[in-house]
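# Structural characterization, general
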Amino acid sequence: MSFVLGLRLGRWGIAGFSVAALVSAFVQTAGFYQIAGHTAAERTAFGASMATLATQFVALFPPPIRPDTVGGYVEFRGIHPLAILFGVWALASAMGFARGDEERGIVEASLATGTSRIALVASRASAFVAAITAASAAAGAGFLAGVASGHETVELRGLIEDLALLVAVGFSCYGIALLVAQLVPARMAAAAAGGVLLALFLLNSLSRVFASLATWRWLSPFRYYDLGQPLPPGGYFDTRALLAMLGIGALTAAGAAVAFLRRDLGGALVNVPLRSHRPGYDASPTVLWYLPLARGLYERRAGLVAWTAGMAVLAIVFVSLTRTIVNVLLSVPALLPYLSSFVHQQLYPAVLGFTWFNVAQLLFAALAITYVARWSAEDDDGRLEIALSEPFSRAAIVVERMAVLILAALVITAVSGATLYYASHAEGIDLNPGRLVAASLMLVPFALVFAAAGSLLAAWNPRAAVGLLGAFAFASYLDTELGTIFKLPMWLQDLSAFKLFGTPLLTGIDGRNLALMMLLALAGLGSSILAMQRRDVGA
Amino acid sequence: MLPEMGTAPIRTSQLTKNYGARRGLFDLDLQVSGQEVFGYLGPNGAGKTTTIRLLMGMIRPTSGSAHIFGMDCVRDSVEVKRRVGYLPGDVPQFGSLSGGEVVAYLGGMRGGVDTRRVHALAERFELDLSRRFREYSSGNKQKLAIVLAFMHRPDLLILDEPTGGLDPLNQQEFYLLLREARDDGATVFLSSHILSEVEHVCDRVGIVRDGKLVRVAQLDELRHIRVHNVELEFAPGETIPEQQIRDSDGVESMTVSGQRVACSVHGSFEPLLRAVSGSRVVDLVSTEPSLEEIFLSYFKEPKPKLLKS
């Protein structure tokens, strides 16, 4: 029963990630035939350009094998990003079970039926494996459909091995997140588990750039994922690496089950004893609670500090990476004429602008999604209802939510932008301060577009809002990636905030794009206010 | 602050919320007077929470209207809420915020907090506001919800099953608080599925069942509705005054098994106690039946299909 319940509770995630995997794999595969050319020479040239492009993403993905083939290209552009996406899904799913369901009393009710704690963990982990297998199969189906559209065939064995790697890396992330969630208090579980997974990911990916990290990368499940690229011809599959990931997943899930056995429901395995203190009967005297906007920021202060510090650290990492990437680019003689004529003296800003602001866009989209997840949760846990029992209009609630997000985005972008500027300066990379400020500020309306869409979704269907917004963000990303390949109409491409963001560090802000972003945000905000006013709350 | 003279704190007209499949609330005509404690009584799923959410403007009526102090509950919802204290049926989850932070957060949305009032309420219920909400027991969560509803001295209190999770001592304290609020000029609309609770604190009672207001009764009439299941055990060898018991006012459904007598008693216990006064009774157990049983015996209506098992 717990297995079925796990699938039932995660149905939106299963549907959303399966659709995302299917669409992504299909679009990337079909896109290959649009852009790679048809002759051997065209494909060789395409493969070479992809290999060059890949050097800029070395901190995210392993270098591709045979990107001149559909398997190599899709492995790099479609499957590797899916591994990251599935890692995020694993984190969200593990937190949902270990903490969310526990707070809602679902775990307590399940245990009351006579289900043992170990059986509960095993069934929910199995449910996640089933879910991620379904989503991986959807990715495989998308790939096969895309290959069929190019009138080619591929070896099924490589595809199956690739999908097995996706399942294994997702399962290992799930197990790790589940284990960490048992160790720390509930309020810190998501941050701690997310931090551990991010650290493990960066440990492996940065080890490709910083040799000193290579000694420790065996700790990361992503290292074992890297050891196989079975999709392209001549690719490789390491059975031991697959077993290592499955072993990590099984061991950490077992560890989580043992920890779950030894801790109290709602508590942590490592408990800090409560200090004795005199009871307090007063409202919090902190003045920020009484100020509109400030109260929203103050309530999320821990998250805000974590986001700000994380983005600042990432900015420093990306500045360090820029030198390495540029050195690689400059070592390719064929690229020198292109580099000197196209980017003139702005090679460093161009590379930094491309890598950092690409990642920053993804992170700001993620920031918006976390805020929307909170809004949806407020609906579910009764906080929206109690807030609406105060003399506060529904429109004011929506506007305040958005304003808090804007302020948070401003704080994060200001600190990370300043860090980027000073870190670049220390590395001898001169960035145009005005353009950097403008580019950093562009991240705010960018996040606003997603928040506005999320606000509308949360007002319409709070339970599905996060999944649908994730799909919207993913579609927007694909839109900008593949809009030109598939010759999508310009108005459709312009709906993607990723496309509208442009390259502000290199070319400045495009006023039309900024206006369009603001228009999209305002349209989303206006319609979410209308939707919120029309809907029933708490019913 | 007293409500305006002549304007009923609560007035509904043909208020309907139809969820389909005969679920919801239908054609509710109700008026609650100033300084009245109005009990809204009904079994689970009868439509109590739906009514309250309609009054609070959380959900929109399918038809009809609801007015609080003469203001429309949907159109003037912000103004309405300035004068209302609300205790929802399910206490909202505030995670890692402390009780004091929750009070400050929601008080801030109202424009400020009466710190002395909050202190007095928290102290009265022995609610430690410095603890995190997550650490609260269910009773403490309910106490926090009570503090939130009462902290701004509202003219109208709308309370959805307010004593759930409270121990008997705190329940008594809560009833006292309700009376004080009424004496200070407030009107109270209180939903419950516990007959004795409503009887304890309310002036007038509305009984709702299957989404329809079945009856609005004064407290005296409620006492007549009241039913108890009683079991008496007579001493071994003692003759059971069977006929006297059967003839007592309010006694129904009597069965005798050995030295044990089971029956239901409507209204006062006095006739029954008089009937057995000459006999040696070694055990007497009285239980309050569920509302559903009361409805079955009093209104003689069939049991709703949803409750069949």
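Look up a bit, the structure's there.
Residues numbered from 1 in each chain as written. Chains lettered and ligands numbered in written order. Predicted model: local features only at pLDDT ≥ 70, side-chain atom pairs only at ≥ 80, totals over all residues. Heavy atoms only, no water.

## Some remarks on the sheet that holds strand 1 (residues 10–20) of chain B
Residue and element names in this part refer to chain B.
- Across the sheet, four strands lie side by side as 2-1-4-5; this open sheet has antiparallel pairing. Edge positions in the sheet fall to strand 2 (23–32) and strand 5 (71–72), since each has one partner strand and no second.
- Here strand 1 pairs with strand 4 (residues 63–68) via five bridges, running antiparallel. Within the sheet, the bridge partner assigned to I10 lies in strand 4 and is I68.
- Contacts from helix 1 (residues 48–55) reach strand 1, strand 2 and strand 4 within the one sheet, and its direction differs from that of strand 1 by about 120°. (Pairing = 2+ DSSP bridges. Helix = DSSP H or I, 4+ residues; strand = E, 2+ residues; numbered from the N terminus. Contact = heavy atoms within 4.5 Å. Axes fitted to C-alpha atoms, helices over the stretch in contact; angles between N-to-C directions.)

## Some thoughts on the pairing of strand 1 of chain B
Residue and element names in this part refer to chain B.
- Pairing analysis gives seven bridges linking strand 1 to strand 2, with the strands arranged antiparallel. Residue pairing for strand 2: T12 is matched across the bridge by L30.
- Following strand 1, the chain reverses through two residues before pairing antiparallel with strand 2; A21 in that reversal takes a positive phi of roughly 55°.

## Side note on the packing of aromatic side chains
Residues and elements named next belong to chain A.
- One pass over the structure, following the stated rule, counts 28 aromatic pairs over all chains.
- Ring geometry for F32 and Y33: centres 5.4 Å apart, planes at 80°, overall edge-to-face. No difference in accessibility class separates F32 from Y33, as the two residues are buried.
- Plain terms: the ring middles of F446 and F501 are 5.9 Å apart, the flat faces sit at 75° to each other, and that makes the pair edge-to-face. One end of the pair, F446, is in helix 17 (residues 433–460); the other, F501, is in helix 20 (residues 497–501), with 55 residues separating them in the sequence.
- Relative accessible area serves as the criterion here: at 0%, F446 is assigned to the buried category.
- A residue is classified by how much of its surface remains accessible, and F501, at 2% relative accessible area, is buried.
- Connected via pairs of aromatic rings, a cluster forms that spans F318, W356, F357, F446, F450, F472, Y477, F498 and F501. (Phe/Tyr/Trp six-rings, centres within 6.5 Å; stacked < 30°, edge-to-face > 60°. Buried < 20%, exposed > 50% of the residue type's maximum accessible area, 1.4 Å probe, protein only.)

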